[in-house]
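Spelled out, the chains give:
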Amino acid sequence: MKKGRRAALRAALALSAIAPVALAQGRRGRASEGAVRANSPEERRILDVLADVYRNHRYLSVPEDDGRLLRVLAESIGANHAVELGTSTGYSGLWLLLALSKTGGRLTTFEIDRERHAMARSNFERAGVAQFATAVLGDAHVEVTKLKDSIDLVFIDADKEGYLDYLRKLLPLVRAGGLVVAHNMASPPPDPAYVSAITTDPALETVFLNMHDAGVGVTLKKH
Ligand SMILES: C[S@@+](CC[C@H](N)C(=O)[O-])C[C@H]1O[C@@H](n2cnc3c(N)ncnc32)[C@H](O)[C@@H]1O
């Protein structure tokens, strides 16, 4: 093989080793332009921890654009209570808490993995928002059945085959005008039963966003 072609082949092989990691992490660049600006020292503190978690991530989290979307959705509906399935280390939770610190709301978030749950709690502490966050350790399919309070926004980002079960268990608690936001509606391929449930129920209106990346389903509970 010629020297040039060998080098090209080596470069292609190196890229193919890197690309799946980059893709799996959902870090394929940003569609939103511009930095997120802090309007107060409290917001600055949350944004600094978000940047730190993003830089030093060890576990999968939503891409920054999806985090920003969560913040905009929660803040624009004046969310008082947001519920998250799949806390991991708290990255998406911190985006929700950025909104909730403005609306005076609170987050209840569920994680099955003890180490990630502990990391999330520490990140919430560092960001100064621990008092607005209830981080529950355990199987969310079981734990959510203990919820009684009305919910403004649900964010589903835990086990991908569990989305329909989460929807069935939590939709009755979501207020009219509330939202169910589901991550990974493009990649990995979502459960068709979940997609069917959010697109065929006349009480729901769903749009799909950021589908160039992991994809987000935003479902409005109309009544
Ligand atoms: C993709 S990660 C969530 C990322 C997080 N939302 C973020 O953006 O920072 C999915 C998480 O769901 C958790 N998980 C999976 N099955 C679960 C279950 N049945 N109950 C609670 N958490 C679960 C995993 O341990 C993992 O941390």
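Each value, and the rule that gives it
Residues numbered from 1 in each chain as written. Predicted model: local features only at pLDDT ≥ 70, side-chain atom pairs only at ≥ 80, totals over all residues. Helix = DSSP H or I, 4+ residues; strand = E, 2+ residues; numbered from the N terminus. Buried ≥ 20, exposed ≤ 12 C-beta atoms within 10 Å, placed from the backbone. Contact = placed C-beta atoms within 7 Å. Near = placed C-beta within 6 Å. Nonpolar A, V, L, I, M, F, W, Y, C, P; charged D, E, K, R; others polar. pLDDT = per-residue confidence, 0-100. Core = buried A, V, L, I, M, F, W, Y, C linked by C-beta atoms within 7 Å. Axes fitted to C-alpha atoms, helices over the stretch in contact; angles between N-to-C directions. Parallel < 35°, antiparallel > 145°, perpendicular 65-115°, else oblique.

Time to look at the overall build of the protein chain. A tally of helices and strands in the protein chain yields 8 helices and 7 strands. Out of the 223 residues in the protein chain, the part that is buried amounts to 39%. Intrachain contacts of the protein chain at a sequence separation of at least 6 include 74% that bridge at least 24 residues.

Residues in close proximity to the ligand total 19 residues, the closest being Ser 61, Gly 86, Tyr 91, Ser 92 and Ala 140. Contributing elements (two or more residues each) for the shell around the ligand: helix H4 (91-103), strand E2 (106-111) and helix H6 (140-143). A breakdown of the residues in the shell around the ligand according to their chemical character gives 7 nonpolar, 6 polar and 6 charged.

Attention shifts here to the confidence of the model for the protein chain. Here the protein chain averages 89 in pLDDT, while 86% of its residues score no lower than 70. Taken as a whole, residues 1-28 scores under 50 in pLDDT and shows 11 contacts with residues more than four places along the chain or in a different chain.

Core analysis: the biggest nonpolar cluster contains 51 residues, and Leu 94, Leu 96, Leu 153, Val 154 and Val 181 have the highest contact counts within it. Here the element with the most residues in this core is H4; it accounts for 8 residues. Apart from residues no more than four positions distant in its own chain, Leu 153 is found in contact with Leu 73, Ala 74, Ile 77, Ala 79, Ala 82, Gly 178, Leu 179 and Val 181.

As a further point, take the environment of Asp 113. For Asp 113, the position within the fold is in the loop between E2 and helix H5 (114-126). Distance from Asp 113 to Gly 138, taken between C-alpha atoms, is 7.5 Å for residues 25 residues apart in sequence.

Attention now goes to unusual backbone geometry. For the peptide bond that leads from Ser 187 to Pro 188, omega is -10 degrees, which places it in the cis range. Checked against the element boundaries, Pro 188 lands in the loop between strand E5 (174-183) and helix H8 (192-200). With a phi angle near 50 degrees, Ser 88 is a residue other than glycine that sits in the positive phi range. Relative to the elements of secondary structure, Ser 88 occurs in the loop between strand E1 (81-85) and H4. Although it is not a glycine, Asn 210 adopts a positive phi angle of roughly 50 degrees. Secondary-structure assignment places Asn 210 in the loop between strand E6 (204-209) and strand E7 (216-221). Using a count of 21 C-beta atoms within 10 Å as the deciding quantity, one classes Asn 210 as buried.

This paragraph deals with the environment of Leu 170. Inspection of the secondary structure puts Leu 170 in helix H7 (residues 163-170). The exposure class of Leu 170 is buried, given the 20 C-beta atoms found within 10 Å.

This next bit is on the packing of helix H2 (residues 41-55) against H4. For any two helices packed against each other, one specifies the inter-axial angle together with the distance between the axes. At a minimum axis distance of 10 Å, the contact between H2 and H4 shows a crossing angle of 170 degrees. Here H4 runs roughly antiparallel to H2, going by the angle between their axes. Packed against H2, whose contacting residues are Glu 42, Glu 43, Ile 46, Val 49, Leu 50, Val 53 and Tyr 54, the element H4 presents Tyr 91, Leu 94, Trp 95, Leu 97, Leu 98 and Ser 101 at the interface. Split by residue class, the contact of H2 with H4 holds 10 nonpolar, 1 polar and 2 charged.

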